[in-house]
2 protein chains.
Amino acid sequence: MTPSARRASVSTCAVAVDVALLTLRDDRLQLLLVEPDPPELRGRWALPGRRVRDDEGLDDTAHRALAELGGIRAPDAHLEQLRTYGDPSRDPRGRVVSVAYLALTPTTDDPSAGRHARFWDVADLGTPGGPRFAYDHDRIVPDALERARSKLEYTSLATAFVAEPFTLAELRRVYEAVWGVALDPANFRRKVMSARGFIVPADGYAKPGPGGGRPARRYRRGAATRLHPAMLRPD
Amino acid sequence: MTPSARRASVSTCAVAVDVALLTLRDDRLQLLLVEPDPPELRGRWALPGRRVRDDEGLDDTAHRALAELGGIRAPDAHLEQLRTYGDPSRDPRGRVVSVAYLALTPTTDDPSAGRHARFWDVADLGTPGGPRFAYDHDRIVPDALERARSKLEYTSLATAFVAEPFTLAELRRVYEAVWGVALDPANFRRKVMSARGFIVPADGYAKPGPGGGRPARRYRRGAATRLHPAMLRPD
DNA sequence: TCAATAGTGTCTTTTAGACATTATATG
DNA sequence: CATATAATGTCTAAAAGACACTATTGA
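Residues numbered from 1 in each chain as written. Chains lettered and ligands numbered in written order. Predicted model: local features only at pLDDT ≥ 70, side-chain atom pairs only at ≥ 80, totals over all residues. Heavy atoms only, no water.

## Examining the protein's contact with DNA strand D
The condition that has to hold: Near, as used in this document, describes a residue that has one of its heavy atoms within 4 Å of the molecule or strand being considered. Each helix is a run of DSSP H or I of at least 4 residues and each strand a run of E of at least 2, with the numbering of both proceeding from the N terminus. Here the nonpolar group is Ala, Val, Leu, Ile, Met, Phe, Trp, Tyr, Cys and Pro; Asp, Glu, Lys and Arg are the charged ones; every other residue, Gly included, is treated as polar.
In the region of DNA strand D, 24 residues are neighbours, and Arg189(A), Arg217(A), Asn187(B), Gly212(B) and Gly213(B) sit closest. Of everything in DNA strand D that lies within 4 Å of the protein, sugar and phosphate atoms constitute 65%. When residues of the surface near DNA strand D are traced back to their parent elements, those giving at least two are α3 (168-179), α4 (185-194) and β10 (216-221) of chain A together with α4 (185-194) of chain B. Across the surface near DNA strand D, the residue classes tally to nine nonpolar, seven polar and eight charged.

Encoded structure:
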């Protein structure tokens, strides 16, 4: 298939895509994991991943992995490459180069793939109550979390976690869940508003919760991708 | 070779590594490019790239590409993954998934690979005086530049461009060359000093230039990787 | 001596964080 | 009415930027 297989030491690799899908559910940051097929991995959990097909773009493989393994259909989800993991011994079944993706969606329903896919609280990862990972996915997941936490600072990525239109309180809860901190609502508002093009006003107001409260203004995503000034994490 | 080739549509890909090596030469940001082998690409320039060998890590392939194609031996160069380019039609010779790397080194000699490798001024890229790119490398290079410019803000990456020990003026010229702006030396000093763990004093002083001037204090890289507070670009 | 570069000090503007105050809803 | 949440205002401290000033060299 490839014309330049002149050297015995240069051949081809299996190429796969693994997706770390993060979402906010009940104000907690959650990660989608699936039970892998191989019987020797019973009890472990993995990122949804698929082999790349011929003539299939990497982004397409990522969407297919989410749909086929997680039952998540999210054509409008934010999807960005994270990193490629190519250690020769990372998969015991043979050399697999895996392109890892970070995916973000607004809150969705439970995955429709039954018992073999579920969301896990990110706060539980690495604790006795959390999942045991398959393959080297315990290395990919921290990279995905750090990417999300970091990009919340200097990009408009946080809006990928909320459905439009959204309120400032919803956006603030994204930052609080991803960073794991509490933020002052007043100062948060001022910083978001001063970041030019981050959000733009939408029509109408959100209904207050059951306990009452002033109705919140609604907003939509603005045109900016990088934030000026940035929304820096507290120390 | 791979045990799970059950579906005809899932096969293996050629996997390659392409490296964007940036360095500072004569206070200008420069990029290493090589002339590709295929005769139909005469007159075009490419990032040094190599196919990944069996049992070779991706980082190893990156170093090998720099050494074999550019004549650059830089085992201590900063090397980080940039992004993986896997569009099915990106290489006319067949499907090649390419893992792109960003490499940074202190100023080095001219590449020893003769006429087939040279440094180009980044400022000349995309101008009539600049190179024409082969493959999709005109998409990779802007990503590499933006990564470098962005990471100078919130990481200690700038120190990868200078050899130890270095002066604050040398470090400042890194920022000026990569960002393409002039920076106030006094304010630059204050920001670098307040970024905890960015640099640490070294022994001795640097000799002034031919025109004289007060000898500059020498520094080494500190332990920090992320900068607090960050070195933000001027608007 | 002067020119050049390193390093310090000062002033103003901007931004961040703490927190009080006002506005508008539910019950 | 009390309570809850949104939105605004105020004060202080920290940081950014402009720029004057001092220190130490080469010529």
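There's plenty left to go through after this.
## Some points on the protein's contact with DNA strand C
Selection criterion: Nitrogen and oxygen atoms within 3.5 Å of one another constitute a polar contact, given that in protein one can donate a hydrogen and the other can accept it, and given that sequence-neighbouring residues count only through two side-chain atoms.
The environment of DNA strand C is made up of 23 residues, and the closest members are Asn187(A), Arg190(A), Gly212(A), Arg189(B) and Arg217(B). Backbone atoms, meaning sugar and phosphate, form 63% of the atoms of DNA strand C found within 4 Å of the protein. One nitrogen or oxygen atom from the side chain of Lys191(A) is found 3.3 Å from a phosphate oxygen belonging to DNA strand C. Interatomic distance of 3.3 Å between a backbone N/O atom of Gly213(B) and a base nitrogen of DNA strand C. Breaking the surface near DNA strand C down by element, the ones donating at least two residues are α4 of chain A together with α3 (168-179), α4 and β10 (216-221) of chain B.

## Remarks on helix α2 (residues 137-154) of chain B
This is how the line gets drawn: Helix span, expected: 1.5 Å multiplied by one less than the number of residues in the helix. The classification of residues rests on relative accessible area computed with a 1.4 Å probe and restricted to protein chains. Under 20% of the type maximum is buried, over 50% is exposed, and intermediate values are partly exposed.
For α2(B), spanning 18 residues, the distance from its first C-alpha to its last is 26 Å, which sits close to the expected 26 Å at 1.5 Å a residue. Along α2(B), the positions that sit buried rather than exposed are His137(B), Ile140(B), Val141(B), Ala144(B), Leu145(B), Ala148(B), Ser150(B), Lys151(B), Leu152(B), Glu153(B) and Tyr154(B).

## A look at the pattern of salt bridges
We apply this condition: Should a side-chain nitrogen of Lys or Arg be within 4 Å of a carboxyl oxygen of Asp or Glu, the pair is scored as a salt bridge.
Within this structure, the stated rule accounts for 35 salt bridges over all chains. Here Arg64(A) makes a salt bridge to Glu68(A), at a shortest N to O gap of 3.5 Å. Of this pair, Arg64(A) and Glu68(A) both sit in helix α1 (residues 58-70), four residues apart, which is roughly one turn of that helix. For Lys151(B), the salt bridge identified is with Glu80(B), shortest N-O distance 3.1 Å.

## Let's talk about the domain arrangement of chain A
All names here are of chain A. The criterion, for reference: Marked domain ranges trace back to an automatic or database domain assignment. Contacts between residues were defined by any pair of non-hydrogen atoms, one from each residue, lying within 4.5 Å. Buried surface area refers to the total accessible area, computed with a probe of radius 1.4 Å, that the two partners give up upon joining, counted for both partners together.
As assigned here, chain A comprises domain 1 (14-139) and domain 2 (154-221). Taken together, the contact pairs 11 residues of domain 1 with nine residues of domain 2. Between domain 1 and domain 2, roughly 800 Å² of surface is buried when both sides are summed, and carbon and sulfur atoms account for 77% of that area. Its largest share of buried area at the contact with domain 2, domain 1 owes to Leu24, Leu104 and Pro106, together 53% of the area lost on that side. For the pair domain 1 and domain 2, the interface holds one salt bridge. The tally of links between domain 1 and domain 2 comes to zero residue pairs in polar contact (both at pLDDT 80 or more). It is strand β1 (residues 14-25) that provides the largest number of residues to the side of domain 1 that touches domain 2, a total of three residues.

## A closer look at the environment of Gly86(B)
Inspection of the secondary structure puts Gly86(B) in the loop between β5 (78-85) and β6 (96-105). Taking the relative accessible area as the measure of exposure, Gly86(B) reaches 6% and is therefore buried. Linking Gly86(B) and Ala74(B), residues 12 residues apart in sequence, is a C-alpha distance of 27 Å. Contacts of Gly86(B), omitting those with residues within four sequence positions, involve Leu58(A), Arg95(B) and Val97(B).

## Side note on the side chain of Thr105(A)
Among the structural elements, Thr105(A) can be located in strand β6 (residues 96-105). When sequence neighbours within four positions are dropped, the list of residues in contact with Thr105(A) reads Leu21(A), Leu22(A), Thr23(A), Leu24(A), Ala74(A), Ala77(A), Ala160(A) and Phe161(A).

## Description of the environment of Leu104(B)
Residue and element names in this part refer to chain B. With respect to the helices and strands, the residue Leu104 is situated in strand β6. Considering only alpha carbons, one finds Leu104 and Leu79, 25 residues apart in sequence, at a separation of 6.7 Å. Apart from residues lying up to four places away in sequence, Leu104 is in contact with Leu21, Leu22, Ala77, His78, Leu157, Ala160 and Phe161.

## Remarks on the packing of aromatic side chains
All names here are of chain A. Heads up, the condition is: Each Phe, Tyr or Trp ring (for Trp, its six-membered ring) is paired with any other whose centre lies within 6.5 Å, and the angle between the two planes then decides the class: stacked below 30 degrees, edge-to-face above 60, tilted in between. To sit over a ring, a charge needs its Lys NZ or Arg CZ within 6 Å of the ring centre and within 35 degrees of the ring normal.
Counted by the stated rule, this structure contains seven aromatic pairs over all chains. Ring geometry for Trp45 and Trp120: centres 5.4 Å apart, planes at 70°, overall edge-to-face. Remark: Trp120 occurs in strand β7 (residues 117-121) and Trp45 occurs in strand β3 (residues 44-45); sequence separation between them is 75 residues. Accessibility assignment for this pair places Trp45 and Trp120 in one class, buried. By the ring-pair criterion, three or more aromatic residues cluster together here, those being Tyr175, Trp179 and Phe188. The lysine or arginine in question, Arg83, covers the ring of Tyr85, its NZ or CZ lying 5.1 Å from the ring centre.

## Focus on unusual backbone geometry
Residues and elements named next belong to chain A. Omega for the peptide link from Glu164 to Pro165 comes to -10°, which places this bond in the cis form. Secondary-structure assignment places Pro165 in the loop between α2 (137-154) and α3. One non-glycine residue, Asp26, lies in the positive phi region at around 60°. Relative to the helices and strands, Asp26 resides in the loop between β1 and β2 (28-34). With a phi angle near 60°, Asp55 is a residue other than glycine that sits in the positive phi range. Tracing the backbone through its elements, the reader meets Asp55 in the loop between β4 (49-51) and α1.

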